[in-house]
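# Structure at a glance
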Amino acid sequence: MFGYYLDLALRSFRRNKVLTTLMVLALGLGIGASITTLTVLRLLSGDPLPQKSARLFTPELNPLTAKDSSGAGPAPMGDLVAYVDAMNLLRAHKAQRQAAMALTGVKISSPRPNQSPFFSNGVMTTADFFAMFDAPFQYGTGWTAQSGQDAARVVVIGQRLNDKLFGGRDSVGKTIRVNDRDYRVIGVLRHWAPQPSFYSVSLSQDSSYGNGDSVFMPLRSARADKMGPESVNCWQSAAGSLETSPSCAWLSVWVELVEPSGAQAYRTFLANYVDAQIAAGRFHLHQQWLPNLMGFLAQQQVVPDDAFLQTWLAFGFLLICVVGTVGLLLAKCLGRAHEIGVRRAMGASRVTLFAQFMVESALVGIAGGVLGLGVAELGLWEIRHEPVQYAHLAHLDPAMFLATFAVALVASLIAGILPAVRACLVAPAPQLKSV
C-alpha cells in the first residue's frame, strides 16, 4: 500500500511542479536556517567532558567585604582564588583529585636551528590536572606530585606543538626552551581541546574555544622562572609576590568528587574553611559556592545571549515556512477535489486518504531536508569565515545530520495534517455531479 501512495504522490508532484517547488523551497530554507543556528548553539553549550562533568567541581570563595561585593550572587571574583587559598584547599586533600591552574603566555624556542622562536599558550598547573580531566597521552605521562613540589623543569606538550617541533615523533626526553629556560619533555598529549575550555574560562577572556593549549608546566617551576598569569584580580593593594599576597586571586581550583555524598561533604569543608578565614580576619562574609562543571559554565554565561536569540528567530522563521507550506498544501488539496471524490466513491476510506496525503507531505519533507542540508552547510561555511573563537568548529556532525531530516519530517507532517483532514472531509457526491 505504501508503494501505491508513493506512486500517487509522485504523480501529484509532476502535475503540480510549481506548488511542489515552492513547498520544498519554503521548508528547505526554514530547516537550513534552524539547523545552522542549532548546530552553533549545540557547539557553544555542549558538555566538554560528558563522561565525568557531574563529578568535577570548582570551589568559589568571596574574600570581599559586604560593601565591595556585588550582592549575594556567586563568586564576585569568578572562580579565581588567591595562592594561599588554593594551596590550603589542595593540602587538605578532601577530594579524590584536585588541581590548581593558571594560564600564561610562553615563548618557545625550537630545537631546529632554522626555526625562529614563537609565542604560544601555556598552562601552569599541578600534578592531578591530566588524570582529573582525562587528558589523553600519546607519549609519556605527566609529572608526579613530588616533581611539582620540587619545581622540576619538566613539561607536557600538545600534539600540535609536537608536530611543529618534532614532526610528530616521540619527543619524550627531548629538551625545549620555554621563556629561555630548558624544559625536558616528559609527555605528549593526543589532540585534546575541550569545547568550551572550561578550566580557562575565568583565566582568560579569549580561551573559551580553540585548538587546545600547547604547553603544560608544573606551577612552581613556571613561577620560579617568573612566568606570570594572564589574569589577576586584586581587591587590596598588594606587596610582594603573588604567592605571598592574600588579596590577589589568580588561580583556578578544580576538584573531582566520586562519591554521591562527596559534594555535600566538600561544601561543609568549604564552609568550615571560610569560617576559619573569617576568624583570622581575611574573609568577611559566609559565602562559598561549589558548582559542578555544567553549572559553572551556566554561571559564567559562556553561551552568548545572541546565540539563543538567533536560534529562536531561526525556528520562528521555520514556523512561518511551515504555515506557508500548509497554505500551499491546502491549495493543492482543493485543486484535487474531483480526484478525492472519485476515490471516495470507489471505496477509499478516510483513513486511506489521510495516509495518502501524509505520505505526500513526508516526501515534501525529505526533499526539503535535502535542500535544508545544503543551506545549513552553506551557513556553517559562512560562520567558519567569521572572526569568532568557535568559527573553526562549526561543522555538521552525524547527530545534526540526522536532526536535519528529523526536523524536516516533523515539520512536513505537521504541515500536512490540516490538508489531509480537509481531504478526508470532501464529500464524494457533489464532486461526481460536477464531473
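Please refer to the structure placed before this passage.
Quick caveat, the model's predicted, so the values are computed rather than measured. (Residues numbered from 1 in each chain as written. Predicted model: local features only at pLDDT ≥ 70, side-chain atom pairs only at ≥ 80, totals over all residues. Heavy atoms only, no water.)

### So, the overall build of the protein
The cut-off we apply is this: We count a stretch as a helix when DSSP gives it H or I for four or more residues in a row; a strand needs E for two or more, and each element gets its number in order from the N terminus. Partly exposed residues are those whose accessible area sits between 20% and 50% of the maximum for their type, while under 20% is buried and over 50% is exposed, using a 1.4 Å probe and protein chains only. When checking whether two residues touch, look at their non-hydrogen atoms; a contact exists if any pair is within 4.5 Å. Using a 1.4 Å probe, the Shrake-Rupley method yields the accessible areas, and only the shown protein chains count as cover for residues.
From N to C terminus, the protein includes 14 helices and 13 strands. Residues classed as buried in the protein amount to 50% of the 435 residues present. Sequence-distant contacts in the protein: of pairs separated by 6 or more residues, those separated by 24 or more amount to 77%. Here the protein has roughly 20100 Å² of accessible surface; of this, 59% comes from carbon and sulfur atoms.

### Examining helix H9 (residues 293-300)
For the record, the criterion: As used here, the arc belongs to the directions running from the helix axis to the C-beta atoms.
Listed in full, the buried residues belonging to H9 are Leu293, Phe296 and Leu297. Around the axis of H9, the buried residues are gathered within 100° of arc, so they sit on the same side. Summarising the contacts, the buried residues of H9 are in contact with strand E1 (56-57), strand E2 (60-61) and strand E12 (248-256). Phi turns positive one or two residues past the end of H9, at glutamine 301, with a value near 55°.

### Here's the deal with the state of the cysteines
The condition that has to hold: Throughout, a disulfide means two cysteine sulfur atoms within 2.5 Å of one another.
Within the structure shown, the criterion is met by one disulfide. Between the sulfur atoms of cysteine 234 and its disulfide mate cysteine 248 the distance is 1.9 Å. Disulfide cysteine 234-cysteine 248: the torsion about the S-S bond is 110°, which places it as right-handed. Of this pair, cysteine 234 sits in strand E11 (residues 233-234) while cysteine 248 sits in strand E12, and the two are 14 residues apart along the sequence. Overall, the relative accessible area of 43% leaves cysteine 234 in the partly exposed class. Cysteine 248 sits in the buried class, given a relative accessible area of 2%.

### Quick word on the pairing of strand E9 (residues 181-189)
Convention followed: Here, strands pair whenever DSSP counts at least two bridges between them.
Pairing between strand E6 (residues 137-140) and E9: three bridges, direction antiparallel. Looking at E9, one finds that tyrosine 139 is bridged to valine 188. Sheet analysis places strand E7 (residues 154-157) next to E9, joined by four bridges and oriented parallel. Residue isoleucine 157 lies in a different strand from E9, and its bridge partner there is valine 188. Of the strand pairs in this sheet, strand E8 (residues 175-178) and E9 are connected by four bridges, and their pairing is antiparallel. If you follow isoleucine 176 over to E9, its bridge partner there is tyrosine 183.

### What about the packing of aromatic side chains?
Two aromatic rings are characterised by how far apart their centres lie and by the angle between their planes. The test is simple: Aromatic rings from Phe, Tyr and Trp, with only the six-membered ring used for Trp, were paired whenever their centres fell within 6.5 Å, and each pair was classed as stacked if the ring planes differed by under 30 degrees, edge-to-face if by over 60, and tilted otherwise. Cation placement over rings: the criterion is NZ of Lys or CZ of Arg within 6 Å of the ring centroid and within 35° of the ring normal.
Enumeration over the complete set of coordinates arrives at 19 aromatic pairs. Both rings, one in phenylalanine 129 and one in tryptophan 192, keep their centres 5.9 Å apart while their planes meet at 85°; by these two values the pair is edge-to-face. Pair noted here: phenylalanine 129 is in helix H4 (residues 129-132) and tryptophan 192 is in the loop between E9 and strand E10 (215-218), with a separation of 63 residues, a long-range link. Given the relative accessible area of 0%, phenylalanine 129 is considered buried. Of the residues examined, tryptophan 192 reaches a relative accessible area of 11% and is grouped as buried. Ring geometry for phenylalanine 130 and phenylalanine 137: centres 5.4 Å apart, planes at 65°, overall edge-to-face. Here phenylalanine 137 falls in the partly exposed class, since its relative accessible area comes to 21%. Feature note: the residues Phe129, Phe130, Phe133, Phe137, Trp143, Trp192, Phe198, Tyr199, Phe216, Trp254 and Phe296 constitute an aromatic cluster, connected by ring pairs. Sitting above the plane of the phenylalanine 118 ring, lysine 164 keeps its charged end 3.7 Å from the centroid. In this structure, arginine 223 packs its charged tip against the face of tryptophan 250, placed 5.2 Å from the ring centre.

### Here's the deal with unusual backbone geometry
The omega torsion across glutamine 195 and proline 196 is -5°, close enough to zero to call that bond cis. Position of proline 196 among the secondary structure elements: in the loop between E9 and E10. A positive phi angle, close to 50°, is found at asparagine 179, a residue other than glycine. Here asparagine 179 lies in the loop between E8 and E9. Exposure remark for asparagine 179: the relative accessible area of 25% places this residue in the partly exposed category. At aspartate 180, a position not held by glycine, the phi torsion is positive, near 65°. In this structure, aspartate 180 sits in the loop between E8 and E9.

### Digging into the pattern of salt bridges
Stated precisely, the cut-off is as follows: Salt bridges are defined by distance alone: a side-chain nitrogen of Lys or Arg within 4 Å of a carboxyl oxygen of Asp or Glu.
A full pass over the atoms with the stated rule returns 11 salt bridges. Note that lysine 52 and glutamate 256 form a salt bridge whose closest N and O atoms lie 3.2 Å from each other. With lysine 52 in the loop between helix H2 (17-45) and E1 and glutamate 256 in strand E12, this residue pair connects regions lying 204 residues apart in the sequence. Of the residues examined, lysine 52 reaches a relative accessible area of 4% and is grouped as buried. Residue classification places glutamate 256 among the buried residues on the basis of a relative accessible area of 1%. Across the pair glutamate 256 and arginine 55 runs a salt bridge, and its minimum N-O distance is 3.2 Å. With a gap of 201 residues between them, glutamate 256 in strand E12 and arginine 55 in the loop between H2 and E1 connect regions that are remote in the sequence. By relative accessible area, arginine 55 is classed as partly exposed at 28%. One salt-bridge network, held together by shared partners, links Lys52, Arg55, Arg97, Asp134 and Glu256.

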